Amino acid sequence: MKTILIGAQFGDEGKGKMADVLAKHNDVVARYQGGANAGHTVYRDGQQYIFHMIPSGILHPGKICVIGNGCVVDVEGLRSEMAGLEERGVSFGGRFYVSDRATLILPYHKSAEKYETRVGTTRRGIGPAYTSRRNRSALTLGDVNEFLRNYSEGYERYVIGMIESDLRLHGIEGEPPGILDSAACQVEGIGDFVADTQHLLHSLVSDGRSILLEGAQGTFLDIDHGTYPFVTSSGTTVGGAYSGTGLPPAIGDMIIGVAKAYITRVGNGHLPTEQKNSYGEAMRKGGNEFGSTTGRPRRCGWFDVPLARKASEINGFGSVALTKLDVLDALPEVPVCTSYEIDGRESDFPSTGRRFEMAHPVYTTLPGWQSETSGMKEWKDLPDNAKRYVEFLENMMGVRISYVSTGPGEDDIIFR
Ligand code: IMP
């Protein structure tokens, strides 16, 4: 059986915490897209862990963790993330695998977006590496591994030729043999972990193991369905989970959307409910809304139903995990955007970037609960107005909210 965790907003919804909670009930955790642009924060035994590339399931002894073929991998970054975890007692041997089909991020991919300001990217080389992939000039981990293990002059010429055409694509000067040598050096360090993960995952499914597929970023940063062009370069939605692992959809797959009780966005692009005022400041402070990858302050706003509804439609959410409810505890009232007004007309989520930029939020305001919900574990203990808020959101989205997260700790959660 597969469980697929997908961000229902613009990323940073708290997928790391939910992945950690659900990892306990699964045998395998796999990432399917993105790279070190992601930042999953997990608190375990009072300690904070920030993951950029490695599935947080690695904190659970014995769980198998996989970086799937849909990911772009900065090997140096991956090795230092592994080293940091090893220092804290985490072991990788025999339970960590990186797809040989995954795309390599090379240093020039990062140089290529050093001065990027239009989209407001994380500058981790993500867009340029996926561009190389689509141009069919990217190197995969398997290409470099093959070069290392089964050397031949002909294969070396092929790999160098790929790097030459990739440098041309990005308009960057470089020495292909030197680039290949340093990539080979890096890949050698993780060679034991490079594997045919599609085959591995398929075998695990056939053996009856349960698999958690952990997405990075969120639905509206999806290259196809997001608020283009202010998006990331991968498929963050449900299709990406299947293509990024090579696992087919199956009856019984559980697709869980993760949404914050409000909304945040980093980087450029419209955020209809953004609060550039003391409410936004309070959410930023209360929710510690600063990027775990770049440290950038996140833009904060009220819950946006048209976005959440569209996310559910695209991904087929079977249920939703609502996170950070406690951040709204102090508010006397909580506005929720229930539709947009575009060009003087009521509208749902529009499909073009231009019309989305024109969307003004239409609000329904709910009474706040003004009492502490932090750390609550039982639905019955929530204040009535907090219950009403959750029920209002689930009615508006048309999806059951099955989990309500009430704090950063692994136990701060209500299972409904
Ligand atoms: P890129 O993924 O670095 O190419 O950045 C593209 C857009 O996605 C920018 O607006 C980033 O701020 C945003 N983004 C990328 N990764 C994350 C994430 O993990 N959380 C939130 N936003 C992200």
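Draft legend 1. Representation of the pattern of salt bridges within the structure. Under the criterion given, the structure shown has 18 salt bridges. A salt bridge links E13 to K15; the shortest N-O distance between them is 2.8 Å. With respect to burial, E13 and K15 carry one shared label: buried. A salt bridge links E274 to R299; its shortest N-O distance comes to 3.0 Å. Here E274 is found in the loop between β12 (263-265) and α10 (278-286), whereas its partner R299 is found in strand β13 (residues 299-301), with 25 residues between them in sequence. Note on E274: relative accessible area 21%, which makes it partly exposed. Exposure remark for R299: the relative accessible area of 18% places this residue in the buried category. Overlapping salt bridges, with partners in common, bring together D12, K260, E289, R298 and K324 in one network.

Draft legend 2. The arrangement of the site of the ligand in detail. As a matter of local geometry, the ligand sits amid 15 residues, with D12, N37, T122, T232 and R296 nearest to it. N37 has a polar side-chain atom sitting 2.8 Å from an oxygen atom of the ligand. One nitrogen or oxygen atom from the side chain of R296 is found 2.9 Å from an oxygen atom belonging to the ligand. Taking 470 Å² as the accessible area of the ligand by itself, protein coverage stands at 97%.

Draft legend 3. Highlighting the packing of helix α6 (residues 153-170) against helix α7 (residues 176-190). Remark: α6 packs on α7, axes separated minimally by 9 Å, with the N-to-C direction vectors making an angle of 110 degrees. It follows from the interaxial angle that α6 and α7 lie roughly perpendicular. Residues E156, V159, I160, I163, E164 and L167 of α6 form the contact with α7, whose own contacting residues are P176, P177, I179 and L180. Broken down by class, the residue content of the contact of α6 with α7 amounts to eight nonpolar, no polar and two charged.

Draft legend 4. Just the packing of aromatic side chains, in detail. On inspection of all chains with the given rule, the structure shows 12 aromatic pairs. Ring centres of Y49 and F51 lie 6.3 Å apart, and the angle between their planes is 20 degrees; on these two criteria the pair is classed as stacked. F51 carries the same exposure label as Y49, and that label is buried. Between the aromatic rings of W369 and Y389, the centroid separation amounts to 5.5 Å while the plane-to-plane angle is 50 degrees, which identifies the pairing as tilted. Of this pair, W369 sits in the loop between β17 (360-367) and α13 (384-397) while Y389 sits in helix α13, and the two are 20 residues apart along the sequence. Like Y389, W369 is buried.

Draft legend 5. How the structure looks around the sheet that holds strand β1 (residues 2-7). Read across the open sheet, the 10 strands follow the order β9-β7-β5-β2-β10-β1-β11-β14-β18-β19; overall the sheet is mixed. In this open sheet, the two edge strands, each paired with only one partner strand, are β9 (194-195) and β19 (413-415). Packed on one face of the sheet, α13 meets β14 (319-323) and β18 (401-405) and runs near 140 degrees to β18.

Draft legend 6. Region of interest: the domain arrangement of the protein chain. For the protein chain, the assigned domains are domain 1 (102-193) and domain 2 (258-415). Between the C-alpha centres of domain 1 and domain 2 there is a distance of 39 Å. Counting residues at the interface gives seven residues for domain 1 and five residues for domain 2. The largest contributions to the domain 1 side of the interface with domain 2 come from G120, T122 and R124, which together make up 67% of the buried area.

So, how was this worked out
Residues numbered from 1 in each chain as written. Predicted model: local features only at pLDDT ≥ 70, side-chain atom pairs only at ≥ 80, totals over all residues. Heavy atoms only, no water. Salt bridge = Lys/Arg side-chain N within 4 Å of Asp/Glu carboxyl O. Buried < 20%, exposed > 50% of the residue type's maximum accessible area, 1.4 Å probe, protein only. Helix = DSSP H or I, 4+ residues; strand = E, 2+ residues; numbered from the N terminus. Near = heavy atom within 4 Å. Polar contact = N/O pair within 3.5 Å; in protein donor to acceptor, adjacent residues only side chain to side chain. Areas by Shrake-Rupley, 256 points an atom, 1.4 Å probe, with all protein chains shown as cover. Axes fitted to C-alpha atoms, helices over the stretch in contact; angles between N-to-C directions. Parallel < 35°, antiparallel > 145°, perpendicular 65-115°, else oblique. Contact = heavy atoms within 4.5 Å. Nonpolar A, V, L, I, M, F, W, Y, C, P; charged D, E, K, R; others polar. Phe/Tyr/Trp six-rings, centres within 6.5 Å; stacked < 30°, edge-to-face > 60°. Pairing = 2+ DSSP bridges. Domains from an automatic or database assignment. Buried area = accessible area lost by both parts, 1.4 Å probe.

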